[in-house]
Amino acid sequence: MASEANMAIEALLEEGRTFPPSKTFIANAHVSDPAIYERARQNPEAFWSSWAEELHWFRRWDKVLDWDVPWAKWFVDGKTNMAYNCLDRHLSTFRKNKAAIVWEGEPGDSRVLTYWDLYREVCKFANVLKGLGVEKGDRITIYMPMIPELAIAMLACARIGAPHSVVFGGFSSEALRDRIQDAEAKVLITADGGYRRGSIVPLKQNADASMAETPSLEKAVVVRRTGQEVLMQDGRDLWWHDLTADASQDCPAEEMDAEDVLFLLYTSGTTGKPKGIVHTTGGYMVGTYATTKWVFDLKDEDTYWCSADCGWVTGHSYLVYGPLLNDATSVMFEGTPDYPERDRFWSIIEKYGVNILYTAPTAIRTFMRWGEEWPQRRDLSSLRLLGTVGEPINPEAWVWYWQNIGGGRCPVVDTWWQTETGAIMITPLPGITNLKPGSATFPFPGVEADVVDEAGNSVPLGGGGYLVLKLPWPSMLRTIYGDPDRYVQTYWSRYPGMYFTGDGAKRDEQGYLWLLGRVDDVLNVAGHRISTMEVESALVDHHAVAEAAVIGRSHDVKGQAICAFVTIKEGVEGSSDLIATLRDHVATKIGAIARPDDIIFAAELPKTRSGKIMRRLLRDVAEGHALGDTTTLADPSVVEYLKGQYEEHEA
Ligand code: ATP
Ligand code: MG
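The notes below deal with the structure included here. As the structure is a computational prediction, the values presented were derived from the model and not from experiment.

## Notes on the side chain of threonine 632
(1) Moving on: Its place among the elements puts threonine 632 in the loop between α19 (615–623) and α20 (637–650).
(2) Moving on: Leaving out residues up to four positions away in the same chain, threonine 632 has contacts with Phe171, Arg179, Ser268, Gly269, Pro274, Lys607, Thr608, Arg609 and Met614.

Below you can see the structure in the form of structure tokens.
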């Protein structure tokens, strides 16, 4: 256990298990030669432009990169179109009638759109938008359930060069209003409602409340999904099916400059007020294309399922754009994992013969809590690769996923990236990397990551610190919408010339990267900087525990005391003996310094709508503060409940 002064965060947890790729996997993988890392390192621009060459450009770029820190232009003066590359490009091949989107509705209804179907629907809706007066550069807000029209709307916007801003359909009318206002959107695309656990989310009704305060909005297009009664305001609100009924299927793709904006997306708000992240066309396209192909080893014959909502960047990059650029078959699911039963995910895998599953640690920990019996009911033998994203994955959860979902045969790619990075940055390549559970392993070729201390110096192997990126990359954010100063301030001012991720990481002796959680969440116990992730993983390592969230609360002597909110597996009793056992377990696993002072059993943890634990709210609970911004919280009642639990624990 090293604790040298130059290490910004201590590295405590040791994980020794390794999982090399199988011979068959290597033999069939898109990439299996580690030399690609060196090739990309020697000339990153040549590496990225070789990917760009596989895509369609109306005009080739003059220069790969123009970098005036922190302002990047990629594929300078190149002209292209994202929708053209996702759709038109495949129509002259045998993929014309290949399934592009296989959609499963919550009630069990299903739709398959081939590339040609999707192309036609996108062209029609693009013409509808034009007919509503939408011009290149106008912002369109999308607030929809996970139905095919959501992907169609995104691609239609891309086709005509109108940046989209997708707002998660689970957000409230206030959250929607703020995002429409910030983007000054001209058109809103929504639906009457969406299904969630058998009941209906009144999307149009929520939108009506928002639209009372969004002067920029001229029109709202409404998809009929649930069929419930909605108010349609004359002159403003129009039905999707009416507008598309006689729309022309002929809509040439707009020639977009590589640096024209493709979309805005507000971050999930785990740490504070969401920011409107701006992504442009050419670089984002190249980044998502390359990473989808190599990280998921995506092949023509694969059925690929990313379970993220299109309201998050993962749904943009790895449900819609990346897979369609790669002419894949992408599964889209409207519902939740526990409706109508806790085997819904596994029934979808069985039903469609899914080969690749990409999901979030929060889902995996929930599946662990429910027990193995649910996946065991279904045939999961079609799976050949698993992925995770969104939070650090605890080694125990990783191994559970590998064993119980992957049948011990599928590599698990733990992919680290952010809304801001647009595409996966740190990840295994499944035909090359020797996996370690809980480690996102190495930067994608062409990406340079480092772990630095407070002063910005590289921390030696074995130590922890702040994760930074040292080279620009094609799919990087270009700015924060309407707030370039905040862009510079947030990402580029802490260390000159380096992109500051806001996350902590450690690098082991072999150079593997282990994400330690957010820098803002790091604990400071008697002068030791301890990552929340490591204490949480030590807790999850105990067989009784499914999930844990750790925070620091003020302590007179130590600076901070460690307070752990713990969710135990179903069927386990939360006794005071278990508390003592868990405290000891952490001390044994990672050291006495990390022994939790408090353990509070919690049936639920406060999470964002995207499933990430919001530790800042737990800090508010433990410190007795008024709660900070809760608008992105999935279930506000959880915090009230935890306040009760915490007070009971205090008493
Ligand atoms: P906000 O920036 O508004 O607080 P957010 O950071 O949760 O919200 P996202 O861009 O969706 O918004 O999430 C990116 C963050 O998620 C990363 O910075 C990191 O903290 C976490 N993350 C994503 N993937 C991984 C991973 N594989 N391992 C560890 N952490 C991850
Ligand atoms: Mg973030």
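The discussion continues.
## Details of the packing of aromatic side chains
(1) Moving on: Evaluation of the coordinates by the stated rule reveals 44 aromatic pairs.
(2) Moving on: Ring centres of phenylalanine 19 and tryptophan 402 lie 4.7 Å apart, and the angle between their planes is 65 degrees; this geometry places the pair in the edge-to-face category. Taken together, the residues span a long stretch of sequence, with phenylalanine 19 in the segment before α1 (23–28) and tryptophan 402 in helix α15 (residues 395–405) at a distance of 383 residues.
(3) Moving on: By relative accessible area, phenylalanine 19 is classed as buried at 14%.
(4) Moving on: Look at tryptophan 402 and you get buried, because its relative accessible area is 18%.
(5) Moving on: On the basis of an interplanar angle of 50 degrees and a centroid distance of 4.7 Å, the ring pair of tryptophan 305 and phenylalanine 345 is categorised as tilted. Taken together, the positions of tryptophan 305 in strand β16 (residues 303–306) and phenylalanine 345 in helix α12 (residues 344–352) put the pair 40 residues apart, joining distant regions of the chain. As far as burial versus exposure is concerned, tryptophan 305 and phenylalanine 345 are alike and both buried.
(6) Moving on: Put simply, the rings of Trp67, Trp71, Trp473, Tyr487, Tyr491, Trp492 and Tyr499 pair up and form one aromatic cluster.

## Thoughts on the packing of helix α17 (residues 532–540) against helix α18 (residues 576–590)
(1) Moving on: For the pair α17 and α18, the least separation of the axes is 9 Å and the interaxial angle reads 120 degrees. Crossing handedness for the pair α17 and α18: right-handed. For the pair formed by α17 and α18, the contact residues are Glu534, Val535, Ala538 and Leu539 on the first element and Leu582, His585, Val586, Lys589 and Ile590 on the second.
(2) Moving on: When grouped by side-chain class, the residues that make up the contact of α17 with α18 number 6 nonpolar, 1 polar and 2 charged.

## Comments concerning the environment of leucine 578
(1) Moving on: Looking at the secondary structure, you find leucine 578 in helix α18.
(2) Moving on: According to the relative accessible area criterion, leucine 578 is buried, its value standing at 9%.
(3) Moving on: Contact partners of leucine 578, with chain neighbours within four places excluded, come to His542, Ala544, Ile568, Val572, Glu573 and Phe601.

## Things to note about the site of ligand 1
(1) Moving on: Taken together, 21 residues surround ligand 1, and among them Thr267, Thr270, Thr271, Thr419 and Lys612 come closest.
(2) Moving on: Within the backbone of threonine 415, a nitrogen or oxygen atom sits 2.7 Å from a nitrogen atom of ligand 1.
(3) Moving on: Within the side chain of aspartate 503, an N or O atom sits 2.7 Å from an oxygen atom of ligand 1.
(4) Moving on: The fraction of the free accessible surface of ligand 1 (640 Å²) that becomes covered by protein chains is 94%.
(5) Moving on: Tallied by class, residues from the shell around ligand 1 come to 5 nonpolar, 9 polar and 7 charged.

The rules we used
Residues numbered from 1 in each chain as written. Chains lettered and ligands numbered in written order. Predicted model: local features only at pLDDT ≥ 70, side-chain atom pairs only at ≥ 80, totals over all residues. Heavy atoms only, no water. Helix = DSSP H or I, 4+ residues; strand = E, 2+ residues; numbered from the N terminus. Contact = heavy atoms within 4.5 Å. Phe/Tyr/Trp six-rings, centres within 6.5 Å; stacked < 30°, edge-to-face > 60°. Buried < 20%, exposed > 50% of the residue type's maximum accessible area, 1.4 Å probe, protein only. Axes fitted to C-alpha atoms, helices over the stretch in contact; angles between N-to-C directions. Left-handed = near helix turned anticlockwise from the far one by under 90°. Nonpolar A, V, L, I, M, F, W, Y, C, P; charged D, E, K, R; others polar. Near = heavy atom within 4 Å. Polar contact = N/O pair within 3.5 Å; in protein donor to acceptor, adjacent residues only side chain to side chain. Areas by Shrake-Rupley, 256 points an atom, 1.4 Å probe, with all protein chains shown as cover.

Read these as spatial facts, not as claims about activity.
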